Every structure is written in structure tokens, then in C-alpha cells.
Amino acid sequence: HPRTVEIAQTLLKQNSKQLPLLLLLARHGLYLPEINAVLDRLVKEYPGQLQPQDWEAVAFGYWEKQEYGKAGAAYSRAPQTALNAYRAGRGLQLDQQNQLAIAAYQRLVGQFPQTQEAATAWLKLADLAVQPAQALQFLDQAIQASTQINRPQQTGAALLAKAKLLEQQQPSAATQVRQQLLSEYTHTDAAAELRWRLATQRAAAQDFAPARKWSWEITQQNPESELAPQATFWAGKWAERTGQKTNAKQAFKQVLRHYPESYYAWRVASLSGWKVGSFTTVRKLDPTLLQLPQRLELPAGSKALRELYRIGQDQEAWRRWQWEFKYRSEPTAAQQLTDGLLRLGAGDYLDGLFMIANLKDRSREEPESAAPYQTWQQQPGYWQALYPLPYIENIQKWSQQRSLNPFLVTALIRQESRFEPEIRSVVGATGLMQLMPETASWVAPQVNLKRYALNQPQDNLNLGTWYLDYTHRTYDNNSLLAVASYNAGPGNVAEWVQKGPTDPDEFVEAIPFPETKGYVKAVFENYWNYMRLYNPDIAKLVEQKL
């Protein structure tokens, strides 16, 4: 219980050298701002006294806080399960301690050969291999291991990696591997990736008919792939290029029907003339906000917990959940969703949104999670949890002053900070709209703001909306260029405008910075979801299409 954690903190202030209390915080106080310091103390001051289960608690804490190198080292001393062994290797790899990671992965495949983690470890060993011949050996091991435990996604990934390695030295062998992937593992994400690669190659050569064919195969064979919304949209665009209007209409309809939450659904809606704005008109829209008072029911927890949440006692519900939630390292899907919803209620939007969004990937990897996820995503409360509206009154106020679409501002904030006013990036960007201190000091005189704090929502929104207005004015109110500039800077965007294609969809795909390309798509996907969830006119149109 959080009260227990508070008592432990008080006792540690009186006498800091109390191992049992430090371990209590490591297990139950991961939400504390100072938890990293607690974990560091355990590792540095008590390594000889920690039991394997204590190392597991320390490792999980580091993993949750994305201290992957420290987590990997701690997992190496935890009870040896397949998951712990994999995280030992993966944590060290993410921390670029490659030799230690290789040793950890090799221990894993030797100790737990018939596991999903071992099959994945072989793939990671192939990534770390210096010599192509060794990488091929590891990939063959990955294919064998994943086939034995019936994990087609991993087998497909290994086949695709093998084909890429063989392309330069053994083209005919690479062709055979690709054919095997497309025929025997046609429904895997790797097959979708290969098809998309072939589609974009043909499109780059202005050969749009085969490009459409390969992309439409993703729609049919890999509808759950992350690439499917993009491939389906471009199947429509390329069909238009070849005069196949019926096929284009079919593809666009498919995007709205099967991927209504995607960035590409917004592009279809925009191109179809819906009042959702285009790249050049979205800034000026002032959409009606209909905030639906629907909350998704908690799928896990006691009756008392669910009732507290139902009546809006969010902080008390969160506190109760801290001692009801027993198996944090391996939660069920219902527990994961419950944890995410309660984190949102307590104001922890960063981790709350991650827990809820991750359910989609989990449902694809775990058959037992697919059915409940399908049920949840059909409820408005699930999507409203993913796209919440904190600070909406302040956002509307400053958006109105800057003549900005409030949903666009909200969408950008969701991408930049996940609504965390205190968040700070590694380069110093701070607050809701992630302003750099030097940018804020330049903007402040423009808005007559002599004293400000970037971690204060009012100040941050005042400065951030002015800067977003500035990027719009710089690019003649083109929101695509304004949003790209917000992320990558005006110099880069000016260069892209000079060299890039004039078609806006092709321009987005041609952005050379992967981070900025993903950022632009994410912001407008967020914007679209706020429109379809909270604007009654658009919500009705989407419902009719479904």
C-alpha cells in the first residue's frame, strides 16, 4: 500500500542503512521520483546481500525506468527463467555492451532452447554477428528453433533477414528464401515487409500497376500488419495513377472501414472532402468539441476498486491498486489495461498511455489476449482513454488566441510530451509542448512574458502555441510543413521543400529523417482521432462508413 511506502521512506530518513526497507521501495515504489537512486544504492551498497529474487526486483525496476544496461546486468543475477535470461541479453544490447549481450544470449539458447525467447535470441545474435557467414548460421538456428515451437512470426523474420544477407553474394539463394517466405509464411509481418519493399521499388520506377499489386497483397494477406493501413492507402493512390478508379475507391473504403484510427484514414477523409481539413486548411478549423462522459469499466481488480473508479475517486482507486496488483512483471491483458486506466486517472499519462497502446501488439503476439482486446477496442471508452483531453480548457484558450485548431495543438502535445508538464528530454526540451529553453527565451518577448516556467502549463502553452503559429506563418499556413518544422527545424524543411515532390503524400514519405516522418504521421493521426472521437459530425460519418 502507498501508505506503507510512505512509512518506509520516513524510516529511511531516520536511518538510511536499512536493506529490508530499500527492498520494499524497489518492489512497491516504482512510481517514486527517487526510485532510480534507491535501485542504485541496492546495487552499489548491498550486492553481496541481495538474493536472486532481490536482483529480479531491482532488474524489473530498472527495466521499467528504461535503464536497460543496468537492468541487463541485474537480470543476469536474477532467477534464471527464459524471460529473465532474454532481458539480461537485450538490456545489455540496448546499452551497446555487445560482447556481454552475446554471452547472455548464448547462455539463454543453451539453457532454454525450446522457448520463444531462445528463438528471438538467435535473431539478436545474428544482428550482433560481425561476419555474414556467422550471421547466416545464427539465422538458420533461429528458423529451426522458431519452427519447432510453431512461432511463424519469428520464422518469417529470420527468413527475411537471411534473404537480405544473401542478396549480394548469392542472389539465386536469396530469391529462393524470399519465395519460401511469401509461400509458407505469407501471413507474417516479414512477408508484409517484403511485399512493401517490392511495392515501393516498383513505384519508384513509376511502374504503378505492380506497385499496386504488391501493396494490395498486404491488404489481403497481412491485414493486421502495421504496414497494412499504409499499403492499402497507397494501393488506392497507385490505382488512381493507372486510371483504376473502382480499385482506388475500394482501397480507400477499406482504409476507413478496417483502419479507422490510422493516419491514412485521415488522409482518405481529407481527400474525400470531409470537414476534417487538409494539410493546407487544418490550421483554421475550429471543430465542435463533444466530450463524451464515457469511461471504460475496469476489467480487473476488486469490486471496491472498480466502484472507486466508477465514481471518480481516481487517486484512491490508484492507491488501492498498488497493493492489489501483485504480478507487475507479467500482468494479464486485463491487469495491463486496468493499470493503464488507473495511471491515467492519477495523472500519469506517459506510462498510462503506453500500457494501453501496447495492448494492440500484445493481442497479436498472444492468442489469449486477442479476444478481450477486440472487445475493448469496440468501446468508445477505450479510444477516449488512448486520446484523453487533459488541459483542454487551457489548450482551447491559447489556440483561440493564436487562431490554431485546438485539436491540432492537442495532437501535437500528445506526441511531444504525453501531457506531462514536468517532462524533460535529454537535450533539454521541457513541458507540454517540449520547448527548448533558447526557443522559449526568444519567444517570451514576442508575447510580453517577462517571467515564466516551462514546466507550468499556462506558460508552456502560451509560448508553444505562439511558436506553432510562427511555424505556420513561415510556411503560409501549411500545417504539414509547420509540424515538420516544429520537429526538425526550418532549415531542414526548407531544403526538403526545394528537393521534395509536390504531392503532399509523396512528400511525407520522402522526408529523409525517420524521426520527423514518424512525427508528422503521429501528430496528424492524433488529430484525426480527436476529430473522430470528440466531434459529433465526424464521429457520425465514421460510424456510417463502418
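Structure: see above.
Described below are features of the structure shown in this document. (Residues numbered from 1 in each chain as written. Predicted model: local features only at pLDDT ≥ 70, side-chain atom pairs only at ≥ 80, totals over all residues. Heavy atoms only, no water.)

### Some details on the pattern of salt bridges
Think of it this way: side chains of opposite charge can pair up when their charged atoms draw near. Inspection of the entire model under this criterion finds 30 salt bridges. A salt bridge links R195 to E217, with the shortest nitrogen-to-oxygen separation between them at 2.9 Å. Here E217 lies in helix α13 (residues 208–221) and R195 lies in helix α12 (residues 189–204), a separation of 22 residues in the sequence. With a closest N to O distance of 2.6 Å, D469 and R283 form a salt bridge. Of this pair, D469 sits in helix α26 (residues 457–474) while R283 sits in the loop between α16 (263–271) and α17 (303–310), and the two are 186 residues apart along the sequence. Shared partners join several salt bridges into a network, and the residues in it are K237, R267, D503 and D505. (Salt bridge = Lys/Arg side-chain N within 4 Å of Asp/Glu carboxyl O. Helix = DSSP H or I, 4+ residues; strand = E, 2+ residues; numbered from the N terminus.)

### Here's the deal with the side chain of R195
Using a relative accessible area of 2% as the deciding quantity, one classes R195 as buried. Among the polar contacts listed, one links the side chain of R195 to the side chain of T186, at a separation of 2.5 Å. In this structure, R195 is in contact with L182, T186, W214, E217, I218, Q221 and N222, ignoring residues within four places of it in sequence. (Buried < 20%, exposed > 50% of the residue type's maximum accessible area, 1.4 Å probe, protein only. Polar contact = N/O pair within 3.5 Å; in protein donor to acceptor, adjacent residues only side chain to side chain. Contact = heavy atoms within 4.5 Å.)

### As for the environment of S278
Take S278: it is sitting in the loop between α16 and α17. Spatially, the C-alpha atoms of S278 and P504 are 9.9 Å apart, while their sequence positions differ by 226 residues.

### Details of the packing of aromatic side chains
Taken as a whole, this structure holds 30 aromatic pairs when the rule is applied. Where Y373 meets Y382, the ring centres are 5.9 Å apart and the plane angle is 85°; that geometry is what we call edge-to-face. Classification of Y382 by relative accessible area gives buried; the value is 2%. Members of the aromatic cluster, joined through ring pairs, are W196, F233, W234, W238, F252, Y263, Y264, W266, F279, F524 and Y527. The ring of Y309 has R295 lying over it, and the distance from NZ or CZ to the ring centre is 4.0 Å. The ring of W383 has R532 lying over it, and the distance from NZ or CZ to the ring centre is 4.9 Å. (Phe/Tyr/Trp six-rings, centres within 6.5 Å; stacked < 30°, edge-to-face > 60°. Lys NZ or Arg CZ within 6 Å of the ring centre and 35° of its normal.)

### Brief notes about helix α8 (residues 116–128)
End to end, α8 covers 19 Å across 13 residues, agreeing with the expected 18 Å (1.5 Å per residue, within 8%). Restricting attention to buried positions, one finds in α8 the residues A118, A119, T120, A121, W122, L123, K124, L125, A126 and L128. Its buried side turned inward, α8 meets α6 (82–94), α7 (98–111), α9 (132–148) and α10 (152–169). (Expected span 1.5 Å × (residues − 1).)

### Observations concerning the side chain of D505
Here D505 shows up in helix α29 (residues 504–510). Residues within four places of D505 in sequence aside, it is in contact with F233, W234, K237, Y263, R267, L271 and F279.

### A closer look at the packing of helix α2 (residues 19–28) against helix α3 (residues 35–45)
The contact between α2 and α3 brings their axes to 9 Å, and the two run at 135°. By the angle between their axes, α2 is oblique relative to α3. As α2 packs across α3, the resulting crossing turns out to be left-handed. Touching L19, L22, L23, L25 and A26 of α2 are I35, V38, L39, R41 and L42, all from α3. Across the contact of α2 with α3, the residue classes tally to nine nonpolar, no polar and one charged. (Axes fitted to C-alpha atoms, helices over the stretch in contact; angles between N-to-C directions. Parallel < 35°, antiparallel > 145°, perpendicular 65-115°, else oblique. Left-handed = near helix turned anticlockwise from the far one by under 90°. Nonpolar A, V, L, I, M, F, W, Y, C, P; charged D, E, K, R; others polar.)

By themselves, these figures tell us nothing about what the structure is for.
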